[in-house]
Amino acid sequence: MIIRHGEKPDEDGDHAPYGVTEDGKHNSHALLVRGWQRAGALVGLFAPDGGTEPRAGLRRPTAVYAAAPHPGEKGLRPSETVTPLAAKLGVRLNLSYRTDDEAKLARELAARKGATLVSWEHHRISDIVHGLGQVRPAPPAKWPDDRFDLVWVFTREGSGWRFAQVPQLLLAGDRAP
């Protein structure tokens, strides 16, 4: 399963709403407050309390990956988005890969057993998908720029993958694919 990181500030990051780190410091490379709300809501989506299974089409992850932050506190959003979920699941957040490592990440994901969730930068998600090999039906060529509320689900099918989109439907304004 692959998600885009939570909501972010405008490109320049110098105008409200601002990105803030987990400890409340202004950082243009961090999530907006709405992104932090999404990060918290993802816990209930993927790891509902009481042993309840996640919504149809999703699975409780046994591993959680995110793009590693870059030096100088850049690229924090992918890891911020899934840190609460990894904590709830009691798994170590895997930050072994950075953007530009999508081919290596895809090889590792293809070899994994069990449900895995990846939080990534949306312009590079198609590179991960490409590295998985045969996927049917074909996913969109790129992640929509205006969507933070989707889960791309890849299920093993023969020697390839079956693709589906599942809407998160967690926050006001989220919509079906």
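Residues numbered from 1 in each chain as written. Predicted model: local features only at pLDDT ≥ 70, side-chain atom pairs only at ≥ 80, totals over all residues. Heavy atoms only, no water.

From N to C terminus, the chain includes 4 helices and 7 strands. Taking 177 residues into account, the globule formula puts the C-alpha radius of gyration at 16 Å, and the chain, at 15 Å, falls close to it. C-alpha atoms of the chain, sized along the principal axes, occupy 50 × 40 × 30 Å. When contacts within the chain are restricted to residue pairs at least 6 apart in sequence, those whose partners lie at least 24 apart make up 63%. (Helix = DSSP H or I, 4+ residues; strand = E, 2+ residues; numbered from the N terminus. Rg over C-alpha atoms; globule rule 2.2 N^0.38 Å. Contact = heavy atoms within 4.5 Å.)

With that settled, consider the environment of Arg38. Relative to the helices and strands, Arg38 resides in helix 1 (residues 33-46). The exposure class assigned to Arg38 is buried, which follows from its relative accessible area of 1%. Note: C-alpha distance between Arg38 and Leu170 (132 residues apart in sequence) is 7.0 Å. Once residues lying within four places of it in the same chain are set aside, the contact partners of Arg38 are Gly6, Glu7, Phe148, Asp149, Gln168, Leu170, Leu171 and Asp174. (Buried < 20%, exposed > 50% of the residue type's maximum accessible area, 1.4 Å probe, protein only.)

Positionally, Thr81 belongs in helix 2 (residues 77-89). Sequence separation between Thr81 and Arg112 is 31 residues, and the spatial gap between their C-alpha atoms is 22 Å. A polar contact is formed between the side chain of Thr81 and the backbone nitrogen of Gly6, at a distance of 2.8 Å. (Polar contact = N/O pair within 3.5 Å; in protein donor to acceptor, adjacent residues only side chain to side chain.)

This part takes up unusual backbone geometry. Following Arg136, the chain continues to Pro137 via a peptide bond in cis, the omega torsion being -15°. The residue Pro137 is located in the loop between strand 5 (135-136) and strand 6 (150-157) in this model. Look at Asp100: it is not a glycine, yet its phi comes out positive at around 90°. Along the chain, Asp100 falls in the loop between strand 3 (93-94) and helix 3 (102-111). Since its relative accessible area comes to 61%, Asp100 is described here as exposed.

Attention shifts here to the packing of helix 1 against helix 2. Put simply, helix 1 and helix 2 touch, their axes get as near as 8 Å, and they point 35° apart. Where helix 1 crosses over helix 2, the two elements pack in a sense that is right-handed. In this structure, helix 1 uses Trp36, Ala39, Leu42, Val43 and Phe46 to contact helix 2, whose residues at the interface are Glu80, Thr81, Pro84, Leu85 and Lys88. For the contact of helix 1 with helix 2, a count of residues per class yields 7 nonpolar, 1 polar and 2 charged. (Axes fitted to C-alpha atoms, helices over the stretch in contact; angles between N-to-C directions. Left-handed = near helix turned anticlockwise from the far one by under 90°. Nonpolar A, V, L, I, M, F, W, Y, C, P; charged D, E, K, R; others polar.)

With that settled, the discussion passes to the packing of aromatic side chains. Two numbers describe a pair of aromatic rings. These are the distance of the centres and the angle of the planes. The tally for this structure, following the rule as stated, stands at 3 aromatic pairs. A ring pair is formed by Trp152 and Phe163, whose centres lie 5.5 Å apart and whose planes are at 85°; its orientation type is edge-to-face. Remark: Phe163 occurs in strand 7 (residues 160-167) and Trp152 occurs in strand 6; sequence separation between them is 11 residues. You can call Trp152 buried: its relative accessible area is 0%. Among the residues examined, Phe163 registers a relative accessible area of 10% and is labelled buried. Between the aromatic rings of Phe154 and Phe163, the centroid separation amounts to 5.4 Å while the plane-to-plane angle is 45°, which identifies the pairing as tilted. Classification of Phe154 as buried rests on a relative accessible area of 10%. These aromatic residues form a ring-pair network of at least three members: Trp143, Trp152, Phe154 and Phe163. (Phe/Tyr/Trp six-rings, centres within 6.5 Å; stacked < 30°, edge-to-face > 60°.)

For helix 2, with 13 residues, the first-to-last C-alpha span of 19 Å sits near the 18 Å given by 1.5 Å per residue. Maximal helix bending in helix 2 amounts to about 40°, located at Thr83; proline Pro84 follows within four positions. Positive phi shows up at Gly90, right after helix 2, with a value of about 75°. (Expected span 1.5 Å × (residues − 1). Bend = angle between axes of the 7 residues up to and from the residue.)

Bringing the nonpolar core into the picture now. Among the nonpolar cores identified, the biggest contains 21 residues, and Leu105, Val118, Trp120, Ile128, Trp152 and Phe154 are the most heavily contacted of them. Every element with two or more residues in this core is listed here: strand 2 (63-66), helix 3, strand 4 (116-120), helix 4 (125-132), strand 6 and strand 7. Setting aside residues up to four positions removed in sequence, Ile128 forms contacts with Ile2, Glu102, Leu105, Ala106, Leu109, Val118 and Trp120. Judged by nonpolar contacts, the second largest core, of 20 residues, contains Met1, Leu58, Leu89 and Leu117. (Core = buried A, V, L, I, M, F, W, Y, C linked by side-chain atoms within 4.5 Å.)

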